[in-house]
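Okay, here's what each chain looks like letter by letter:
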Amino acid sequence: MTNIFAVFTLFADWITYSLLNLDESKHLTHSIHFFIEDITKIFVMLVVLIYLIGVIRASLNIERVRDYLSGKNRYLGYFMAATFGAITPFCSCSSIPLFLAFTAARIPIGITMAFLITSPIVNEVAVLLLGSILGLKFTIIYVSVGILSGIFGGWFFDLIKAEKHLSPLGAKSLDMADKQQPQSCSCACTADTNSNITWKQRHEFAKTEVKEIVKRIWKWVIIGISVGALFHGFVPADWVESNLAAGDWWTVPLASILGIPLYSNASAMIPVAESMLYKGVPVGTTLTFMMSVVGASIPEFLMLKQVMKPRLLITLFGLLLILFSTSGLIFNYIAPLIGVMTK
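All values derive from a computational prediction rather than experimental measurement. (Residues numbered from 1 in each chain as written. Predicted model: local features only at pLDDT ≥ 70, side-chain atom pairs only at ≥ 80, totals over all residues. Heavy atoms only, no water.)

Colleague: Describe the side chain of threonine 112, with residues and values.
Modeller: Inspection of the secondary structure puts threonine 112 in helix H6 (residues 109–118). The exposure class of threonine 112 is buried, given its relative accessible area of 0%. Leaving out residues up to four positions away in the same chain, threonine 112 has contacts with Phe99, Phe102, Thr103 and Ile107. (Helix = DSSP H or I, 4+ residues; strand = E, 2+ residues; numbered from the N terminus. Buried < 20%, exposed > 50% of the residue type's maximum accessible area, 1.4 Å probe, protein only. Contact = heavy atoms within 4.5 Å.)

Colleague: A description of the confidence of the model for the protein should follow, citing residues and the corresponding values.
Modeller: Confidence along the protein averages 75 in pLDDT terms, with 67% of residues attaining 70 or more. Under a pLDDT of 50 for its full length, residues 176–193 has, in the predicted model, 27 contacts with residues more than four places off or in other chains. (pLDDT = per-residue confidence, 0-100.)

Colleague: Before we move on, can you summarise a nonpolar patch on the surface with the specific residues and values?
Modeller: Together, Phe11, Trp14, Leu19 and Leu20 line one region of the surface with nonpolar side chains, adding up to about 410 Å² of accessible area. Note that tryptophan 14 resides in helix H1 (residues 2–19). On the accessibility criterion, tryptophan 14 (45% relative accessible area) is partly exposed. (Patch = residues over 30% accessible without salt bridge, like charges linked within 9 Å, V, L, I, M, F, W, Y side chains within 5 Å. Areas by Shrake-Rupley, 256 points an atom, 1.4 Å probe, with all protein chains shown as cover. Salt bridge = Lys/Arg side-chain N within 4 Å of Asp/Glu carboxyl O.)

Colleague: Let's hear about the packing of aromatic side chains: which residues, and what values?
Modeller: As enumerated under the stated definition, the model contains 7 aromatic pairs in all. With a centroid separation of 5.6 Å and an interplanar angle of 25°, the aromatic rings of phenylalanine 84 and phenylalanine 115 are classed as stacked. Here the residue phenylalanine 84 occupies a position in helix H4 (residues 74–87), and phenylalanine 115 occupies one in helix H6, the gap between them amounting to 31 residues. The exposure class of phenylalanine 84 is partly exposed, given its relative accessible area of 33%. You can call phenylalanine 115 buried: its relative accessible area is 0%. Through a chain of ring-to-ring contacts, the aromatic side chains of Phe138, Tyr142 and Phe331 assemble into a single cluster. Over the ring of tryptophan 199 we find arginine 202, and its NZ or CZ is 4.5 Å from the ring centre. (Phe/Tyr/Trp six-rings, centres within 6.5 Å; stacked < 30°, edge-to-face > 60°. Lys NZ or Arg CZ within 6 Å of the ring centre and 35° of its normal.)

Colleague: Pulling in residues and values, what's your account of the nonpolar core?
Modeller: Tyr142, Leu287, Met308 and Leu316 are the most contacted members of the largest nonpolar core, which totals 51 residues. For this core, the element with the most residues is helix H16 (residues 310–334), which contributes 10 residues. Residues in contact with tyrosine 142, not counting those within four places in the same chain, are Ile121, Val122, Leu130, Leu287, Met290, Met291 and Phe331. Ranked by size, the runner-up nonpolar core spans 10 residues in total, among them Ile42, Leu46, Ile50 and Met303. (Core = buried A, V, L, I, M, F, W, Y, C linked by side-chain atoms within 4.5 Å.)

Colleague: Talk me through the packing of helix H8 (residues 136–159) against H16; I want residue IDs and the actual numbers.
Modeller: For the pair H8 and H16, interaxial distance at closest approach is 11 Å and the crossing angle is 150°. One element, H8, and the other, H16, form an angle in the roughly antiparallel class. Like other packed secondary-structure pairs, H8 and H16 cross with a definite hand, here right-handed. When H8 is examined against H16, the residues Phe138, Ile141, Tyr142, Val145, Ser149, Phe152, Gly153, Phe156 and Phe157 are found in contact with a partner set consisting of Leu312, Thr315, Leu316, Leu319, Leu323, Ser327, Phe331 and Ile334. Along the lines of polarity and charge, the residues of the contact of H8 with H16 split into 13 nonpolar, 4 polar and no charged. (Axes fitted to C-alpha atoms, helices over the stretch in contact; angles between N-to-C directions. Parallel < 35°, antiparallel > 145°, perpendicular 65-115°, else oblique. Left-handed = near helix turned anticlockwise from the far one by under 90°. Nonpolar A, V, L, I, M, F, W, Y, C, P; charged D, E, K, R; others polar.)

Okay, structure coming up:
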């Protein structure tokens, strides 16, 4: 998957440095490169993922899936969604296509949120690189905390019945799933109805779903990535490092807040995290900053604005700040106990 993503980086390199011939040392150049890479990656993912899941969903018995992921299997669903989020190499904005597809499949909102919370924080690249910097013990703890955060978040959003606070697009996705199922017959033949549709019908269903979702969200994708690109290119890393190296408890929530305006994926944040560690920033504070940048960015919330009402967005925002800050304080406490060296 990482090699696939490298195609977008190479494309952005070609546009920025070969075609436009921009100076690599300029902040604006870094912003433009970031914008080109992410705008192509996210739109391709939006189209491909929503289409593929649409094809699957066209022949899927939604009621059966919903029943399986509800009730006695709900906690297993949280765990499976969080684990799936941990092994997919998506940043927060790249997770949005799957979030929309999960919503359209009428998968319970808590299970969907478990994926959304875990996916940007933990991925295989971050795990491998963190392992080389901090060691195996700490990496296992980091992954475990990321998955537990997703499970807790999923449980919490089901507890508050978050589906009531979906925006018209999110609600429409639920309605589309309902309309997909025959409502007038409950006999055994209904279970096989969708499996007998043709590939052309599946294609038409998936194509319609792609058009509907992309049409509603495209401008927010562009705005979100533009904001992230500006911060990516113009906010100096040295300023962040110098303000978080004190080691006081309050630097952990400060790191969480400072990371929100920024936007990057976990792989790109690893060199920044390594630099912060070597300059004396405590490990928990560093990881809190990294999780905030990757998992609670302004671009992500601008895109989610099309799916969630403000109340749900604010709740998600607050919960992420609490989870990241709590995790950072725990990491700072346990790091000396397991022999993690940061200098």
